[in-house]
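# Commentary on secondary and tertiary structure
Now for the letters of each chain:
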Amino acid sequence: MRLVITADTHVPKRARDLPEQLWTAIESADVVLHAGDWVDESLLDAMRARSRRLIGVHGNNDGPALRARLPEIARVELDGLRVAVVHETGPRTRREERCAARFRDTDLLVFGHSHIPWDTVAPGGLRLLNPGSPTDRRAQPHATYLSARVAAGRLDRVELHRLPPR
């Protein structure tokens, strides 16, 4: 099962659209995970139309219309892997410990908010992934997203993709 993981797209405020490389990845993925801050419903509709399966949450920059359509936390099992998606996890200090306590029954936690790529494992084995942002790199050297594979309850081939400058 091929995953594409993104967050903090901020369309149309930070970019008019997603980079074409990300759209291509979305169209070829089995599952797309979006960890919030869409900003406009039209992006949600476009991603639903162009992906096989979309799992998303709302973020702090998403207004009432998106909040009505998306949960704060999404939970799903993908080929035996227990996944949770949330926008914000709080400060980076002690993030792993906080998230391991909050998401005890989870193998993979996908989050956003910081626009900073993150890949760590908490005590107890919870994997935490933040894809960064494909449209608003802030202080990061590149705009980014993640891809990964899931098979028999295991996550592998996690790859951070750097996007070309706009």
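For the structure itself, look to the data block above.
These lines cover the structure that appears in this document, whether it is placed above or below. Remember, it's a predicted structure, so these values are computed and weren't measured experimentally. Each residue is numbered by its place in its chain's sequence as written, counting from 1. It should be noted that, the model being predicted, local features are given only for residues of pLDDT at least 70 and side-chain atom pairs only at 80 or more, the latter also being counted only at that level, while totals for whole chains, interfaces and linings use all residues. To get the side-chain values, all heavy atoms of the structure are used, and hydrogens and water are removed first.

### Notes on the sheet that holds strand β2 (residues 31–34)
Formally: Think of it this way: DSSP has to see at least two bridges between two strands before they count as a pair. Secondary structure counts use DSSP, requiring at least four H or I residues in a row for a helix and at least two E residues in a row for a strand, with both numbered from the N terminus. Angles here are taken between N-to-C directions and fall from 0 to 180 degrees, while the axes themselves are lines fitted to C-alpha atoms, restricted in helices to the stretch in contact. The contact definition used throughout considers only heavy atoms, calling two residues in contact when any of these lie within 4.5 Å.
Reading across from one edge, β3-β2-β1-β9-β10 is the order of the five strands in this open sheet, with mixed pairing throughout. Only two strands of the sheet have a single partner each, and these edge strands are β3 (54–56) and β10 (154–163). Across this sheet, the average inter-strand angle for adjacent strands is 20 degrees, counted without regard to direction. Pairing geometry for β2 and β3, over three bridges, is parallel. The partner of Val32 across the bridge, within β3, is Leu54. Across the face of the sheet, helix α1 (residues 20–28) comes into contact with β1 (2–6), β2, β9 (143–151) and β10 while running at roughly 140 degrees to β1.

### Some details on the packing of α1 against helix α2 (residues 41–50)
Spelled out, the test is: With respect to orientation, any angle under 35 degrees is reported as roughly parallel, any angle over 145 as roughly antiparallel, any angle of 65 to 115 as roughly perpendicular, and every other angle as oblique. Three classes are used, and their members are as follows: Ala, Val, Leu, Ile, Met, Phe, Trp, Tyr, Cys and Pro are nonpolar, Asp, Glu, Lys and Arg are charged, and the others, Gly among them, are polar.
Interaxial distance between α1 and α2 falls to 9 Å at its minimum, and their mutual angle equals 45 degrees. Between α1 and α2, the angle falls in the class oblique. Here Glu20, Trp23, Ile26 and Glu27 of α1 lie close against α2, whose contacting residues are Leu43, Ala46, Met47 and Arg50. Among the residues making up the contact of α1 with α2, the classes are represented as five nonpolar, no polar and three charged.

### What about the pattern of salt bridges?
Operational definition: Salt bridges are defined by distance alone: a side-chain nitrogen of Lys or Arg within 4 Å of a carboxyl oxygen of Asp or Glu. For each residue, the accessible area found with a 1.4 Å probe, counting protein chains only, is set against the maximum for its type, and the residue is called buried under 20%, exposed over 50%, and partly exposed in between.
The full count for this structure, using the stated rule, is ten salt bridges. Salt-bridge contacts for Asp30 lead to Arg52; the nearest nitrogen and oxygen are separated by 3.4 Å. Pair noted here: Asp30 is in the loop between α1 and β2 and Arg52 is in the loop between α2 and β3, with a separation of 22 residues, a long-range link. The exposure class assigned to Arg52 is exposed, which follows from its relative accessible area of 54%. Two residues, Asp136 and Arg138, come together in a salt bridge whose shortest N-O distance is 3.9 Å.

### Here we look at helix α4 (residues 95–102)
Applied cut-off: An arc is given here, and it is the one of the directions from the helix axis to the C-beta atoms.
Arg95, Glu96, Cys99 and Ala100 are the residues of α4 that are buried. Burial along α4 is one-sided: seen end-on, the buried residues are contained in an arc of 125 degrees.

### Points about the packing of aromatic side chains
Aromatic ring pairs are defined here through the distance separating the ring centres and the angle between the ring planes. Rule in force here: In summary, the pairing rule links any two rings of Phe, Tyr or Trp, Trp by its six-membered ring, whose centres are within 6.5 Å, and it sorts them by plane angle into stacked for under 30 degrees, edge-to-face for over 60 and tilted for everything else. Either the NZ atom of lysine or the CZ atom of arginine qualifies as a charge over a ring when it sits within 6 Å of the ring centre and within 35 degrees of the ring normal.
Evaluated as defined, the whole model comprises one aromatic pair. Ring geometry for Phe111 versus Trp118: centroids 6.5 Å apart, planes at 70 degrees, classification edge-to-face. Each member of the pair, Phe111 as well as Trp118, carries the same accessibility label: buried. Directly above the aromatic system of Trp23 lies the positively charged group of Arg50, at a separation of 4.0 Å from the ring centroid. Stacked on the ring of Trp118, the Lys or Arg Arg95 has its end atom at 4.5 Å from the ring centre.

### Details of α1
If you check which residues of α1 are buried, you get Leu22, Trp23, Ala25 and Ile26. Seen from one end, α1 has its buried residues packed into an arc of 160 degrees, which puts them on one side. In this structure, the buried residues of α1 make contact with β1, β2, α2 and β9.

### Concerning the side chain of Thr106
Among the secondary structure elements, Thr106 is positioned in the loop between α4 and β6 (108–110). Looking at Thr106, the relative accessible area reads 6%, which means it is buried. Setting aside its immediate chain neighbours within four residues, Thr106 contacts Arg75, Arg82, Val83, Ala84 and Leu126.

### Some details on the side chain of Thr89
Threshold: Whenever two N or O atoms come within 3.5 Å, that pair is a polar contact, provided that in protein one can donate a hydrogen and the other can accept it, and provided that, for residues adjacent in sequence, both atoms are side-chain atoms.
The residue Thr89 is located in the loop between β5 (81–86) and α4 in this model. Judged by relative accessible area, which is 10%, Thr89 ranks as buried. Side-chain polar atoms of Thr89 contact the side chain of Arg95, separated by 2.7 Å. Those residues in contact with Thr89, other than ones at most four positions away along the chain, are Arg95, Arg98, Cys99, Leu109 and Phe111.

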